[in-house]
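Residue-level structural notes
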Amino acid sequence: MIGSLKEDVLLGVVSAGIEKPSAAIYQIVEEARRTHGSGSISFGSVFTTLERLAKDGLVSVKKAKAPSGRTQKLFTITAPGNAALKKAADVRANISARSNGVSGGAHA
């Protein structure tokens, strides 16, 4: 199971990459902040998380020239990354269903 920050960053990769298959880190930061709520996620924590996700094979990284001419890293979610997101969503749904069942139960 992936942690919530990794999940938010993976969701950021997916959301930022909807128009293109890959997303630059600044796009991912904005999407992760939007997904996570508020601006509580720092650029550094997203970058570090992306590096860990790449090491784990959940995202792929390639270098490309930005319009400014500088080299930038572009991140793309992989099949294992998609599977990890699905598993996280399934676990969250299961927990939610259980908690709804507990709170809706009869009391003695």
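Report on the accompanying structure. For clarity, every value in this text was computed on a predicted model and none was experimentally measured. Counting restarts for each chain, with residues numbered from 1 along the sequence as it is written. Owing to the predicted nature of the model, reporting of local features is limited to residues with pLDDT of at least 70; listing and counting of side-chain atom pairs is limited to 80 or more, with chain, interface and lining totals taken over all residues. In computing side-chain values, all of the structure's heavy atoms are included and hydrogens and water are not.

1. Re the overall build of the chain
Secondary structure follows DSSP: runs of H or I at least 4 residues long count as helices, runs of E at least 2 residues long count as strands, and numbering of each begins at the N terminus. The helix and strand tally for the chain stands at 4 helices and 3 strands. Taken from the N to the C terminus, the helices and strands of the chain come in the order α-β-α-α-β-β-α. Burial here depends on accessible area, computed with a 1.4 Å probe over protein chains only, as a share of the maximum for the residue type. Under 20% is buried, over 50% is exposed, and the range in between is partly exposed. Within the chain, buried positions represent 31% of all 108 residues. Any two residues having at least one pair of non-hydrogen atoms within 4.5 Å are treated as being in contact. When contacts within the chain are restricted to residue pairs at least 6 apart in sequence, long-range pairs at least 24 apart make up 49% of them. Values of accessible area rely on a 1.4 Å probe in the Shrake-Rupley scheme; residue burial ignores everything except the protein chains shown. Carbon together with sulfur atoms contributes 56% to the accessible area of the chain, which is approximately 6800 Å² in total.

2. Brief notes about the sheet that holds strand β3 (residues 71-77)
Taken together, 3 strands build an open sheet; the order of strands is β1-β3-β2 and the sheet is antiparallel. Only two strands of the sheet have a single partner each, and these edge strands are β1 (23-24) and β2 (59-65). Two strands form a pair only when DSSP identifies at least two bridges running between them. Pairing between β2 and β3: 7 bridges, direction antiparallel. Bridging from a neighbouring strand, Lys65 pairs with Thr71 of β3. A fitted line through C-alpha atoms represents every axis, and for helices the fit uses only the stretch in contact; the resulting angles, taken between N-to-C directions, go from 0 to 180 degrees. Lying over the sheet, helix α1 (residues 4-16) contacts β1, β2 and β3, oriented at roughly 100° with respect to β3. In this fold helix α3 (residues 43-55) packs onto β2 and β3, with an angle of close to 115° to the strand it touches most, β2.

3. A few points about the nonpolar core
Take the buried Ala, Val, Leu, Ile, Met, Phe, Trp, Tyr and Cys residues and link them wherever side-chain atoms come within 4.5 Å; each set so joined is a nonpolar core. Formed by 21 residues in total, the largest nonpolar core has its most connected members in Ile2, Leu10, Ile28, Val46 and Leu50. Of all the secondary structure elements, the ones that give two or more residues to this core are α1, α2 (25-36), α3, β3 and α4 (79-103). Apart from residues no more than four positions distant in its own chain, Val46 is found in contact with Val9, Ile28, Val29, Ala32 and Ile41.

4. Focus: the pattern of salt bridges
Basic side-chain nitrogens of Lys or Arg form a salt bridge, by our definition, when they fall within 4 Å of a carboxyl oxygen of Asp or Glu. Within the structure shown, the criterion is met by 6 salt bridges. With a closest N to O distance of 3.2 Å, Lys6 and Asp56 form a salt bridge. With Lys6 in helix α1 and Asp56 in the loop between α3 and β2, the pair connects residues that are 50 residues apart, well separated along the chain. According to the relative accessible area criterion, Lys6 is partly exposed, its value standing at 23%. According to the relative accessible area criterion, Asp56 is partly exposed, its value standing at 44%. Taking the shortest distance from any N to any O, the salt bridge between Glu7 and Arg92 comes out at 2.6 Å. With Glu7 in helix α1 and Arg92 in helix α4, the pair connects residues that are 85 residues apart, well separated along the chain.

5. With respect to α2
Working rule for helices: expected span equals 1.5 Å times residues minus one. For α2, spanning 12 residues, the distance from its first C-alpha to its last is 16 Å, which sits close to the expected 16 Å at 1.5 Å a residue. Where α2 is concerned, the buried positions are Ile25, Ile28, Val29, Glu31 and Ala32. Contacts from the buried residues of α2 go to α1, β1, α3 and β3.

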